[in-house]
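# Per-entry structural report
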Amino acid sequence: MKEDFLHYVWKYKLFNTSELLTQSDEQIEIINFGFHNTDAGPDFFNGKVKIGKTTWAGNIEIHINSSDWTKHNHYSDKAYDNVILHVVYNDDVVINDKNENAIPTLELKGLIDISLIDKYDVLINRSDSDWIPCGQQIKTVDDFIIQNWINRLAIERLERKSQEIQETLKLNKNNWEETFYQYLFKYFGLKVNALPFELLAKNTPLKIIEKHNDIFSIEALLYGQAGYLEEEIESEYYTQLKKEYHFLKSKFSLTPLDKSLWKLLRLRPSNFPTIRISQLANLLSNNTRLFTKIIEIKPVKGIQQLFVAQTSEYWRAHYQFGVEAKDKKIKKIGINTINNIIINVIVPFTFVYGKAKQNEELINKSLSLLENIKAENNSIVEKWGELGVKSSNAMQTQSLIELKNNYCSQKKCLNCSIGNQIIQQ
Ligand code: SF4
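Residues numbered from 1 in each chain as written. Predicted model: local features only at pLDDT ≥ 70, side-chain atom pairs only at ≥ 80, totals over all residues.

### Focus: the site of the ligand
Quick note on the threshold: We call a residue near a molecule or strand when the C-beta position, derived from backbone atoms, sits within 6 Å of it. The nonpolar class holds Ala, Val, Leu, Ile, Met, Phe, Trp, Tyr, Cys and Pro. Asp, Glu, Lys and Arg form the charged class, and all remaining residues, Gly among them, are polar.
Around the ligand lies a shell formed by Ile132, Pro133, Cys134, Ile138, Leu403, Tyr407, Cys408, Lys412, Cys413, Cys416, Ile418 and Gly419. Of the residues belonging to the shell around the ligand, the class tally is 10 nonpolar, one polar and one charged.

Listed below in C-alpha cells is the structure:
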C-alpha cells in the first residue's frame, strides 16, 4: 500500500466513518476533511475534527504506519506543529508532539472495504506487463466518463506547454516573434534534429533574418550557421552560398554550429535538415512577422495554406550538398509536417497569447484549431484504438498522448477519472 492510496481514501471519504475512535478510545467526529495539499507540509490543510468534547481546527497528516512520523522527521519540523489528527493505516507506535502529549491518531485498518483495496492492488501493483495499468479494465468504464476526462486533458496539456513557452518568452524578453521562431525551428527538426534546429534558431536571431527578404541570403545564413558551408564542394550554388555566408558572418559577427550535430539516421531524405532548412528559408523570405500573421488568420485551412513552402531550385535534384539525387522533384512542406507544427507550436502559442492578452476569442481559436485537424497517427494513438478508445481529431489525440505519458506511465491512476471509476465501481 502507498500513502497516495490513503490520501485518496481520505479525500473521497472511502472508509467507514461511523463511530471512529482515537488510539485512546476517544470519539472522533470529522467535521471537515480539509483540502489536499500536494506540496510540502501536512497532507490536508484546514481540517476540523471533534475529539471527545473538544473541536479542533488545523491540519491532518496521513501515513501508512504511525512510526513514519518519526522517520519523516516531522517531530522537529514546525510545519507539523498544527496537526490535529494523525491518520494511519497501521498504528504501530504512540507519537507525541513537542510538549510530549500523544497526537490523536485514527487507525484506518479495518475501516476500508477490502474490495476497494483489492481493486487498487490489481490496478497499481499487478499490471506491470500491460501497456497501461487499466488495460484489462478500461472496457468496463462508461464512455461518457472517458470522453469527459479526455476533454479536460487537452486543456491540461496546453497549460503544461504554456508554462514552457512562458519561460522561453521570459528569456527572450517577451519577444513573441523570436520565441515563436525558435519553437518553429525546433518542431521543424522532428524529434531527431529538434535540438540542432533549436540551436540554429538561437544562434541566428530573427532580427538578422528579417534584414533579408530573398531566399538566397536567408539560405546562406541558415546553411552557414548550421555548419554546412565549411567544406569544399564542387557546386556553383554551394560556392555562392559560401561566399554570401562569409560576408554575412563577418558583418553580423556570427559563429556557426558544428555540422556533426545534424543527424540523418532513420530519416527519410525528404526530412533531411538540408531540405528542411531550404523550406524554412522560403517560408521566412515570404513572411515577415510570421507569428502576428498567424494570430490574425482564423480557419485552419488559412494557416495550412501559409505554410505551403517549397525548397529552392537546387534541391529539386539534391537531398545533400554535392550529391545528385536519382529522383527530381519539388519538395514542399507536407501536410503532416504542417499539422504537426500547428498542433505543437501554433496552438500552444495562440493559447498562451490569448491568455496573456485576456482574449477569449484566441483561446477558443486554439481549441478550435485542434478540433479541426485530423487525428494524429502514432503508436500511442494506435494502442488506445486497440483498447477501444478511438479519436477523431487532434484535440482527442493530444489528450490521449497526455493521458498515456503523464498519467498511465506514471501510474497516476488515483488522479484519473477512469481510475476512479474502476476503483469505485
Ligand atoms: S491513468 Fe487512468 S487511463 Fe491510465 S492506466 Fe491509470 S486508470 Fe487507466
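### Quick look at helix α5 (residues 176-188)
Spelled out, the test is: The secondary structure listing takes helices from DSSP runs of H or I that are at least 4 residues long and strands from runs of E that are at least 2 residues long, numbered from the N terminus. Take the residue count of a helix, subtract one, and multiply by 1.5 Å to get its expected span. The burial criterion counts other C-beta atoms lying within 10 Å of a residue's C-beta, which is placed from the backbone; the residue is buried at 20 or more, exposed at 12 or fewer, and partly exposed between these limits.
Taking 1.5 Å per residue as the helical rise, α5 with its 13 residues ought to reach 18 Å, and the 18 Å between its terminal C-alpha atoms agrees with that figure. Extensive coverage of α5 is indicated by the burial of 10 of its 13 residues. Among the residues making up α5, those that are buried are Glu178, Thr179, Phe180, Tyr181, Gln182, Tyr183, Leu184, Phe185, Lys186 and Phe188. Directly after α5, the chain includes Leu190, whose backbone phi takes a positive value near 50 degrees.

### With respect to the pairing of strand β6 (residues 83-90)
Rules: In short, DSSP must find at least two bridges between two strands for them to pair.
With seven of eight residues buried, β6 lies mostly within the body of the structure. Judged from the six bridges that link them, strand β5 (residues 54-65) and β6 form a sheet pairing that is parallel. Counterpart to Asn59 in the pairing with β6 is Val83. Here β6 pairs with strand β7 (residues 105-107) via three bridges, running parallel. Residue Val88 lies in a different strand from β7, and its bridge partner there is Glu107.

### Re the packing of α5 against helix α13 (residues 335-356)
Where we set the bar: Working convention: axes come from line fits to C-alpha atoms, limited for helices to the stretch in contact. Angles between N-to-C directions cover 0 to 180 degrees. Throughout, the term roughly parallel applies to angles under 35 degrees, roughly antiparallel to angles over 145, roughly perpendicular to angles from 65 to 115, and oblique to all others. Left-handed describes a crossing in which the near helix is turned anticlockwise from the far one by less than a right angle; the clockwise case is right-handed. Contact between residues is assigned whenever the C-beta positions, reconstructed from backbone atoms, fall within 7 Å.
At a closest axis distance of 9 Å, the pairing of α5 and α13 adopts a crossing angle of 160 degrees. When the interaxial angle is binned, α5 and α13 end up roughly antiparallel. Relative to α13, α5 is oriented so that their crossing is right-handed. Facing Trp176, Phe180, Tyr183, Leu184 and Tyr187 of α5, the residues of α13 in contact are Asn340, Ile341, Asn344, Val345, Phe349 and Tyr353.

### Digging into the environment of Asn125
Structurally, Asn125 is set in helix α3 (residues 114-125). Residue classification places Asn125 among the exposed residues on the basis of 12 C-beta atoms within 10 Å.

### Examining the domain arrangement of the chain
Threshold: For each domain, the first and last residues come from an automatic or database assignment.
Entries for the chain in the domain assignment read domain 1 (3-112) and domain 2 (155-371). Taking only C-alpha atoms, the centre of domain 1 and the centre of domain 2 are 55 Å apart.

### Quick notes on the pairing of β5
On any regular strand, side chains alternate: one points to one face of the sheet, the next to the other face. Across six bridges, the pairing between strand β4 (residues 44-51) and β5 is antiparallel. Pairing of Lys50 across the sheet is with Thr55, part of β5. In this antiparallel pair of consecutive strands, β4 and β5, the connection spans two residues, and Gly52 shows a positive phi of 65 degrees.

### Considerations on unusual backbone geometry
Although it is not a glycine, Lys13 adopts a positive phi angle of roughly 55 degrees. Counting through the fold element by element, Lys13 comes out in the loop between α1 (3-11) and β1 (20-21). Of note in the backbone geometry, Lys173 takes a positive phi value of approximately 50 degrees without being a glycine. Residue Lys173 is classed as exposed on the basis of its C-beta count, with 8 C-beta atoms lying within 10 Å.

### Some words on the packing of helix α8 (residues 215-225) against helix α10 (residues 273-286)
At a minimum axis distance of 9 Å, the contact between α8 and α10 shows a crossing angle of 135 degrees. Here α8 lies oblique to α10, going by the angle between them. Considering the relative orientation of α8 and α10, their crossing is right-handed. For the pair α8 and α10, contact is made by Ile215, Ile218, Glu219, Leu222 and Tyr223 and by Ile277, Ser278, Leu280, Ala281, Asn282, Leu284 and Ser285, respectively. Grouping the constituent residues of the contact of α8 with α10 by class yields eight nonpolar, three polar and one charged.

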